[in-house]
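# Topology and contacts: notes
Given next are the chains, with one letter for each unit.
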Amino acid sequence: MINDSVLVNDWHPVASSTQLDEGGVLGVRLLAEDLVLWRINGRVLAWQDLCIHRGTRLSLGRVEDNFLVCPYHGWTYNEQGRCIRIPAHPDQQPPVKAQANTYRVQEQYGLIWVCPGDPQHEIPPFPEWDDPAYRKILCGPYSVSASGPRIIENFLDIAHFPFVHEGILGVASHPEIEDYEAGIEPEGVVATGVRVYQPDPYGTGRGDTVAYTYRAFRPLTAYLLKESTGPRFSILLIITPHDVVESTAWMWMAMNYGHDIPEAELIAYQDTIFAQDRPIVQSQRPELLPLDLQAELHLRSDRTAIAYRKWLNQLGLTFGTS
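Quantities reported herein were computed from a predicted structural model and do not represent experimental measurements.

This next bit is on the overall build of the protein chain. The helix and strand tally for the protein chain stands at 5 helices and 17 strands. Against the 2.2 N^0.38 benchmark of 20 Å for 322 residues, the protein chain shows a C-alpha radius of gyration of 22 Å, consistent with a compact globule. Split into buried and exposed, the 322 residues of the protein chain put 50% on the buried side. Nonlocal contacts in the protein chain, meaning residues at least 24 apart in sequence, comprise 57% of its contacts between residues at least 6 apart. Approximately 14600 Å² of the protein chain is accessible, and the part contributed by carbon and sulfur atoms is 49%. Across the protein chain, the 25 positively charged side chains and the 40 negatively charged ones have centroids separated by 4 Å.

Structure (structure tokens):
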């Protein structure tokens, strides 16, 4: 596992809850380590994907009588990760060291979250999650060959809207970004009054300047809210760091309008946006996000990114950064 205490001691989504049925087994990857997930009695367990005997992937095994059975020699593990049966030697008590490495697991927002270490924070908030006025839709997962911090910084950047998302989120003839406030607060990075002109921000067929609030709750979790006194739209973006430059993006949308719009249509819209972002982020060099502010050029429209890089530096994040 990658040795970054900031991420090791944080929560990360590794799968959607619907990917793991009762009695199911699933292999996932987090921070350069392979994990096995399995569900029994409505509870998800997460272990290192490794049988202590000969190093076989337990995710290739099966659940039998509420135990996880290794596919190679049938070594059988209980919920606590302890081997309780060795079929080749049925009368032998398994050695004490025949114990799988187990990790903390929670289910939240329809996702399975794992913390490999000792969690220093709760799972990041999703402000609209418990508000029945908002429709919540999960988009993705999206695979990206890029570092997690690069993906988050792209999400926090509004100046690319008129170019990467021209005709949807911005217009090339109106690329101006007004001045706004961004800084580091106890809950992370916050940027308010981030404005950009959009061709049809509320589905009325009319263009308008839209203001956003951006937040980075955790190094790999970001949020945006389209500021409005009426129609309100938000996104919670969470990145799963598989390896240094291999990630998965999970995106929850919440909206208090458009309840009659088919879900498939809304997901397709977000798929289009992400498909436009992916090649840009994957092309960035260096692949690791520079935390030295002298390494790249910055303008006042980059204030959110500057605050994000400063914050990561303060936290001591090393994964995906340089």
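The terminal C-alpha atoms of helix α5 (residues 303-315), which comprises 13 residues, lie 18 Å apart, in line with the 18 Å expected from a rise of 1.5 Å per residue. Three or more residues of α5 are buried, namely T304, A305, I306, A307, Y308, R309, W311 and L312. Of the surrounding secondary structure, the elements contacted by the buried residues of α5 are α2 (148-156), β12 (181-185), β13 (188-198) and β14 (208-218). Count one or two residues on from α5 and you reach G316, which has phi positive near 85°.

Now for the sheet that holds strand β15 (residues 221-227). The 7 strands are arranged β11-β17-β16-β15-β14-β13-β12 in an open sheet whose pairing can be described as antiparallel. Strands with a single pairing partner mark the edges of an open sheet, and in this sheet they are β11 (135-144) and β12. Averaged over all pairs of adjacent strands, the angle between strand axes in this sheet comes to 20°, irrespective of strand direction. Examined bridge by bridge, strand β16 (residues 233-243) and strand β17 (residues 246-255) share 10 bridges and lie antiparallel to one another.

What follows is about the nonpolar core. Among the nonpolar cores identified, the biggest contains 62 residues, and L37, Y214 and Y308 are the most heavily contacted of them. Excluding residues that lie within four positions of it along the chain, Y308 makes contacts with P149, I152, E153, L156, V189, A216, P219 and L289. Ranked by size, the runner-up nonpolar core spans 16 residues in total, among them Y109, F126, Y223 and I238.

The rules behind each value
Residues numbered from 1 in each chain as written. Predicted model: local features only at pLDDT ≥ 70, side-chain atom pairs only at ≥ 80, totals over all residues. Heavy atoms only, no water. Helix = DSSP H or I, 4+ residues; strand = E, 2+ residues; numbered from the N terminus. Rg over C-alpha atoms; globule rule 2.2 N^0.38 Å. Buried < 20%, exposed > 50% of the residue type's maximum accessible area, 1.4 Å probe, protein only. Contact = heavy atoms within 4.5 Å. Areas by Shrake-Rupley, 256 points an atom, 1.4 Å probe, with all protein chains shown as cover. Lys, Arg positive; Asp, Glu negative; His and termini not counted. Charge placed at Lys NZ, Arg CZ, Asp CG, Glu CD. Expected span 1.5 Å × (residues − 1). Pairing = 2+ DSSP bridges. Axes fitted to C-alpha atoms, helices over the stretch in contact; angles between N-to-C directions. Core = buried A, V, L, I, M, F, W, Y, C linked by side-chain atoms within 4.5 Å.

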